[in-house]
Amino acid sequence: MKRFLILLYMLLFSLPLFAAIEEHRFKTPQQERDYRQLIDELRCLVCQNQNLADSNAELAQDLRRQVYSMLVDQQADKQQVVDYMVQRYGDFVLYRPPLKTQTTLLWAGPFLFLAIGVWFLIRLIRRQNSMDDADDNS
Amino acid sequence: MKKQFAPLIIFAVLVLFLAIGLTLNPQNVPSPLIGKTAPQFELPQLNSAERFSPQQLQGKAWILNIWASWCSSCKQEHKLLVDLAKTQPYVIVGLNYKDTAAEANSWLQRYSDPYSVVIEDAQGKAGIDWGVYGVPETFVIDTHGIIRHKFTGPLTRQSIEETLIPLMQTLQSEVQS
């Protein structure tokens, strides 16, 4: 019981609770969905390994506001917001990079490695089988 | 014989890739704005009722330096900008990014003012249009109003001498020819 209480206190006063909360009002649930998805997929360029949703950098706050105002005030759709960001910050702002000639290796790479792995695996299994056969023969 | 060396070769390739990776600067994101027309804005000038817009410099090659009093690496490059303004006749526009007029003024008084004009972007709205993500940033705009180069992060003596000055010289000779 005592342990449980300590845990409860710790959870109550954990740091994320004190994180700044931005309140946004959306006109439609669709807008809110788009907003959440966009700030999830756009990179904060100051802190590079965080998305706009996670980052508290000034630029991330500004860009969240920008995304919000484009969606709600200007009635932009998701693609327009993405285009707006890419025009200014380049493809790097996207966590999901587009398929282009420059990014083919990025997209095909994992499958390439998978193929190499499977090839090695097949070779290993075959060799072991033939060794087993050799054992059986002896 | 070949088999024994396989791990070594794989290791060497890995080291090569990692070594290349280490020399790259992740802060240096290529700007999509290079080769494009400079984004327009109209912003108040510091200590003046007049407003500034890039259109006013049409036909001139100029430098846009984005700085703020809260940015510590701006201090580093500021000395170099002061030197540059003394030795070269370039138009250097200082965009004071997300700052207050009072802070900007005391900063300029303390470290001297190399700018032809200082403009205030208190909201950072122009900063977003110019794709600013790490102050200081420096853009070079040619006589047709096209962005030709961007320096992200503080300018160094080397980048000024090897890139900025030669580029400004070619841009200015373009206008004479």
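Residues numbered from 1 in each chain as written. Chains lettered and ligands numbered in written order. Predicted model: local features only at pLDDT ≥ 70, side-chain atom pairs only at ≥ 80, totals over all residues.

Chain B goes by DsbE family thiol:disulfide interchange protein in an unreviewed UniProt entry, where it is assigned to Thiomicrorhabdus heinhorstiae. The record in UniProt for chain B states the following under Sequence similarities (unreviewed entry): "Belongs to the thioredoxin family. DsbE subfamily." Note on chain B: under the UniProt heading Subcellular location (unreviewed entry), the record states "Cell inner membrane". (UniProt positions renumbered as here; feature names shortened; annotations may be inferred.)

> Give a description of the overall build of chain B that names residues and reports values.
Across its full length, chain B holds five helices and seven strands. Principal-axis analysis of the C-alpha atoms places the extent of chain B at approximately 80 × 40 × 30 Å. Counting across all 177 residues of chain B, residues that qualify as buried make up 35%. Within chain B, contacts between residues at least 6 apart in sequence are counted, and of these 73% link residues at least 24 apart. (Helix = DSSP H or I, 4+ residues; strand = E, 2+ residues; numbered from the N terminus. Buried ≥ 20, exposed ≤ 12 C-beta atoms within 10 Å, placed from the backbone. Contact = placed C-beta atoms within 7 Å.)

> Tell me about the packing of helix H2 (residues 29–41) of chain A against helix H3 (residues 58–72) of chain A, residues and numbers included.
Residues and elements named next belong to chain A. Orientation of H2 relative to H3, taken along the N-to-C sense of each, is 150°, at an axis distance of 10 Å. Taken together, the axes of H2 and H3 lie roughly antiparallel to each other. Of the two possible hands of crossing, H2 and H3 adopt the one that is right-handed. Every residue of H3 that contacts H2 at Gln31, Asp34, Tyr35, Leu38 and Ile39 is listed here: Arg64, Val67, Tyr68, Leu71 and Val72. Partitioning the contact of H2 with H3 into residue classes produces seven nonpolar, one polar and two charged. (Axes fitted to C-alpha atoms, helices over the stretch in contact; angles between N-to-C directions. Parallel < 35°, antiparallel > 145°, perpendicular 65-115°, else oblique. Left-handed = near helix turned anticlockwise from the far one by under 90°. Nonpolar A, V, L, I, M, F, W, Y, C, P; charged D, E, K, R; others polar.)

> Can you tell me about the confidence of the model for chain A, naming the residues and giving the values?
Mean pLDDT over chain A: 84, with 91% of residues reaching 70 or higher. By mean pLDDT, the top-scoring element of chain A is helix H4 (residues 78–89) of chain A (90), and the lowest-scoring one is helix H1 (residues 2–12) of chain A (81). (pLDDT = per-residue confidence, 0-100.)

> Let's hear about the sheet that holds strand E4 (residues 91–97) of chain B: which residues, and what values?
Residues and elements named next belong to chain B. The sheet built from five strands is open, its strands ordered E5-E4-E3-E6-E7 with mixed pairing. Among the strands making up the open sheet, the edge pair consists of strand E5 (117–121) and strand E7 (147–152). For this sheet, the mean angle separating the axes of adjacent strands, direction not counted, is 20°. Where strand E3 (residues 62–67) and strand E6 (residues 137–141) come together, five bridges link them in antiparallel fashion. Bridged to Ile63 within E6 is Val140. (Pairing = 2+ DSSP bridges.)

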